[in-house]
Amino acid sequence: MATQSRYVELARHITALGAVKRALTRSLPTECPGGPAAVLSLLNAHGEMRMSRLSELLAVDVSVTSRHVAHAAQHGWLERLPDPADGRSRLLRLTPAGRDMIATLGDRAVEMIASTLASWTDEDIDSLTTMLGRLRADFGDCRTAHGDQPLPGHRPHAGGVPQQTP
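Residues numbered from 1 in each chain as written. Predicted model: local features only at pLDDT ≥ 70, side-chain atom pairs only at ≥ 80, totals over all residues. Heavy atoms only, no water.

Trainee: Can you walk me through the overall build of the protein chain in this structure?
Mentor: Secondary structure summary: the protein chain contains eight helices and five strands in total. In the protein chain, the succession of α and β elements from N to C terminus is α-α-α-β-α-α-β-β-α-α-α-β-β. Partitioning the intrachain contacts of the protein chain with sequence separation of at least 6 by distance along the chain shows that 48% fall at a separation of at least 24. For the protein chain, the accessible surface area stands at approximately 10900 Å², while carbon and sulfur atoms represent 57% of it. (Helix = DSSP H or I, 4+ residues; strand = E, 2+ residues; numbered from the N terminus. Contact = heavy atoms within 4.5 Å. Areas by Shrake-Rupley, 256 points an atom, 1.4 Å probe, with all protein chains shown as cover.)

Trainee: Just to check I follow, could you spell out a nonpolar patch on the surface for this structure?
Mentor: Judged by side-chain polarity, Met1, Tyr7, Leu10, Ile14, Leu17, Val20, Trp120, Ile125, Leu128 and Leu132 come together as a nonpolar surface patch covering roughly 930 Å² of accessible area. Only helix H1 (4-16) and helix H7 (122-138) provide two or more residues apiece to the nonpolar patch. Tracing the sequence through the fold places leucine 17 in the loop between H1 and helix H2 (18-26). Residue leucine 17 is classed as partly exposed on the basis of its relative accessible area, which comes to 39%. (Patch = residues over 30% accessible without salt bridge, like charges linked within 9 Å, V, L, I, M, F, W, Y side chains within 5 Å. Salt bridge = Lys/Arg side-chain N within 4 Å of Asp/Glu carboxyl O. Buried < 20%, exposed > 50% of the residue type's maximum accessible area, 1.4 Å probe, protein only.)

Trainee: Help me understand the side chain of threonine 95 in this model?
Mentor: With respect to the element layout, threonine 95 can be found in the loop between strand S3 (86-94) and helix H6 (96-116). A residue is classified by how much of its surface remains accessible, and threonine 95, at 11% relative accessible area, is buried. Only 2.5 Å separates the side chain of threonine 95 from the backbone oxygen of glycine 76, close enough to count as a polar contact. With residues near it in sequence (within four places) discarded, threonine 95 still touches Gly76, Trp77, Leu78 and Glu79. (Polar contact = N/O pair within 3.5 Å; in protein donor to acceptor, adjacent residues only side chain to side chain.)

Trainee: Even after reading the chapter, I still don't get unusual backbone geometry, so can you show me in this structure?
Mentor: Residues other than glycine predominantly adopt negative phi, and peptide bonds predominantly adopt the trans conformation. If you check the backbone angles, alanine 59 has positive phi at about 60° while not being a glycine. Looking at the element boundaries, alanine 59 is found in the loop between helix H4 (51-58) and helix H5 (62-74).

Trainee: Looking at this structure, I do not really get helix H3 (residues 34-46). What am I missing?
Mentor: In an α-helix there are 3.6 residues to a turn, and that puts residues three or four apart on one side. Under the 1.5 Å per step criterion, the end-to-end length of H3 is 18 Å for 13 residues, consistent within 8% with the ideal 18 Å. Looking at the residues trailing H3, positive phi occurs at glycine 47, about 85°. (Expected span 1.5 Å × (residues − 1).)

Trainee: Sorry if this is basic, but what is going on with the environment of proline 29 here?
Mentor: Inspection of the secondary structure assignment puts proline 29 in the loop between H2 and H3. Residue proline 29 is classed as buried on the basis of its relative accessible area, which comes to 4%. Counting along the chain gives 75 residues from proline 29 to threonine 104, while the straight-line C-alpha distance between them is 8.3 Å. Setting aside anything within four residues of it in sequence, one finds proline 29 in contact with Met101, Thr104, Leu105 and Arg108.

Structural data, given as structure tokens:
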């Protein structure tokens, strides 16, 4: 078992990962900021869903989710359809334009990570990928429980680590 000081150091590094997330967010296309990008990513990973479920997955208030959904709908990236189970509710679904934006988001993320980590060895990247996957799983990341979608141009291998497709 790790010593308490190791956990302290690990906690410091994990909380500092916000800087990595902010850098990735800065690489997004200007027309698709972080909130709408998260909406599209979750719809891509989980399929159509109600606004309330999307809010749960985003871990934000429905009013915040509604603003992000409105932005994505205005750009034609998602559509709101009547819910056959409840006529008062709407289901959110990606459009073909939304799938194109998902591909763009994935490409931008991969390009930024590749350029930033260009000096890393394949073994370093594989090790980090494996350990981050394990960390997410141990913390109960809802995306891993529902089948996280690989980035465009990538496929997971048996261990869940993405590999470049030929």
